[in-house]
Amino acid sequence: MQLQSWLDDIAHSMQQESFANHTISRLTAELADHYYDLMEEQSMSSITHDEVIQRLGTKESILRAAKSQRRDSLPWLYFLTLPFIGTFICFIATTAAIMLTMAGLDYVTTLIVERLGGSAKALEHSAIVQIMVQMIWCSIPVLSTLLTCVLASRILARRDNKVVWVIVAFVIIACLSAPMQNSFSWDRRSMSSGLNISMSLAWLMDGLRIAQITLPMIALAIILRQRRQRSPVSRKALAA
Amino acid sequence: MAKRTNPEFLNGVPELLILQILGTQPMYGYELVQAIRVRSQNRLEFGEGCIYPLLHRLESDGLLISRREEVNARERIVYRLSRTGKRRLEVGATQWREITAAIESVLQGGNHAAPIVA
């Protein structure tokens, strides 16, 4: 079949230029659709295959157009690694920034107390400040994670691709659950505090673990759905 | 003398045309090519198959969104403008109008100030 051999020619040339297989198959499928549309358009006149191909463009011009529009050669590698690497770097950076700020505040507070010579008012103020500083120290993982979420979404996330959001959510939940596992290792069966706080936290931990397991599945489902939406016409359909 | 295609000063024009036309309604490749021919009154010539790499690149840049849809009893990949694409179109169209107005002004030759006669 003339169309098939023309498409095979284009596919072979693109393979030699190291184009990804999915790029080649998508382009050849769309060219085939376009070919049939042109044949239908010209169905009243006796148009030849060569005339249709001339309208589509030569193999060289299509290859030139494909080469001029090519971007990264390993888009999946960058897509799968950059969100994790970037989010990790953001998390470390925001944690370091908050810790340095808190250390500085702590130092300044101590200096002020020493200068004021330990008066009751100064001690009271410094106690309040120190409590606030301690609260912020304890909430560093949460603050860092929230800041990381904002930074990562602005810098890394392509707003039209929902998968990156799911990956970022997964990393955030992993960051949140790590410190909580260390701080709140209560046995769910023991209710020694007399309150239901331990039960709530245990359920929260279970929820976070379930989220960590299901989020990658959601990301995979979104990726598969997007691939299906862009999947080219099969060779069987082409020959039909 | 061979006809020179796509002069360098037209870089970026195909993207602008595609964004403008897809901004009016979603289309598949063949439909888009026909729309370009009709709206340009057949004054633009190009290999119709060359539009697909450009569409794929615009999609990977986030300016277009594609989806498989059934059109006239056949499955096709239909392209539509994304929110980023709409913003790019607005900026691109404004820049194009400014540039063409400036060039037109130069080509027509303005009223220059009369030289000072000594």
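Thresholds applied
- Residues numbered from 1 in each chain as written.
- Chains lettered and ligands numbered in written order.
- Predicted model: local features only at pLDDT ≥ 70, side-chain atom pairs only at ≥ 80, totals over all residues.
- Heavy atoms only, no water.
- pLDDT = per-residue confidence, 0-100.
- Contact = heavy atoms within 4.5 Å.
- Core = buried A, V, L, I, M, F, W, Y, C linked by side-chain atoms within 4.5 Å.
- Buried < 20%, exposed > 50% of the residue type's maximum accessible area, 1.4 Å probe, protein only.
- Salt bridge = Lys/Arg side-chain N within 4 Å of Asp/Glu carboxyl O.
- Helix = DSSP H or I, 4+ residues; strand = E, 2+ residues; numbered from the N terminus.
- Buried area = accessible area lost by both parts, 1.4 Å probe.
- Polar contact = N/O pair within 3.5 Å; in protein donor to acceptor, adjacent residues only side chain to side chain.
- Pairing = 2+ DSSP bridges.

1. Notes on the confidence of the model for chain A
Okay, step 1: Averaged over all residues, the pLDDT of chain A equals 67, while 38% of them reach at least 70.
Okay, step 2: Low pLDDT (under 50) marks residues 231-240 of chain A, which in the prediction has 16 contacts with non-local residues, meaning those over four places away or in another chain.

2. Some thoughts on the nonpolar core
Okay, step 1: Core analysis: the biggest nonpolar cluster contains 44 residues, and Trp6(A), Leu31(A), Ile18(B), Leu32(B), Leu55(B) and Leu64(B) have the highest contact counts within it.
Okay, step 2: Apart from residues lying up to four places away in sequence, Leu31(A) is in contact with Trp6(A), Leu7(A), Ile10(A), Leu56(A), Ile62(A), Gly49(B) and Tyr52(B).

3. Regarding the pattern of salt bridges
Side chains that differ in sign of charge can pair as their charged atoms come close.
Okay, step 1: Enumeration over the complete set of coordinates arrives at 14 salt bridges over all chains.
Okay, step 2: For Arg74(B), the salt bridge identified is with Asp33(A), shortest N-O distance 3.5 Å. Linking Arg74(B) in strand 3 (residues 74-81) with Asp33(A) in helix 2 (residues 21-41), this pair reaches from one chain into another.
Okay, step 3: Glu15(B) is paired through a salt bridge with Arg57(B); the nearest N and O atoms lie 2.5 Å apart. On the criterion of sequence distance, the pair formed by Glu15(B) in helix 1 (residues 13-24) and Arg57(B) in helix 3 (residues 51-60) is long-range, its members being 42 residues apart.

4. Quick look at the interface of chain B and chain A
Okay, step 1: Each partner contributes residues to the interface: chain B has 31 residues there, and chain A has 29 residues.
Okay, step 2: Of the roughly 2,500 Å² buried between chain B and chain A on both sides combined, carbon and sulfur atoms contribute 45%.
Okay, step 3: On the chain B side of the contact with chain A, Tyr30(B), Arg68(B) and Arg74(B) bury the most area, a combined 23% of that side's loss.
Okay, step 4: For the interface between chain B and chain A, the tally reads 6 salt bridges.
Okay, step 5: Among the ionic pairs, Glu40(A) bridges to Arg74(B), the shortest N-O distance being 3.2 Å.
Okay, step 6: Taken together, chain B and chain A are joined by 15 residue pairs in polar contact (both at pLDDT 80 or more).
Okay, step 7: Of all the secondary-structure elements, those providing two or more residues to the side of chain B that touches chain A are helix 2 (29-39), helix 3, strand 2 (64-71), strand 3 and helix 4 (83-108) of chain B.

5. Remarks on the pairing of strand 3 of chain B
Put simply, side chains in a regular strand alternate between the two faces of the sheet.
All names here are of chain B.
Okay, step 1: In this sheet, strand 3 lies alongside strand 1 (residues 27-28) in antiparallel orientation, the contact comprising 2 bridges. Among the inter-strand pairings, Met 27 is bridged to a residue of strand 3, identified as Tyr 79.
Okay, step 2: The pairing of strand 2 with strand 3 spans 8 bridges and is classified as antiparallel. By the bridge assignment for strand 3, Arg 68 is matched with Ile 77.
Okay, step 3: Linking two consecutive strands that pair antiparallel, namely strand 2 and strand 3, is a turn of 2 residues; a positive phi of about 50 degrees is found at Asn 72 within it.

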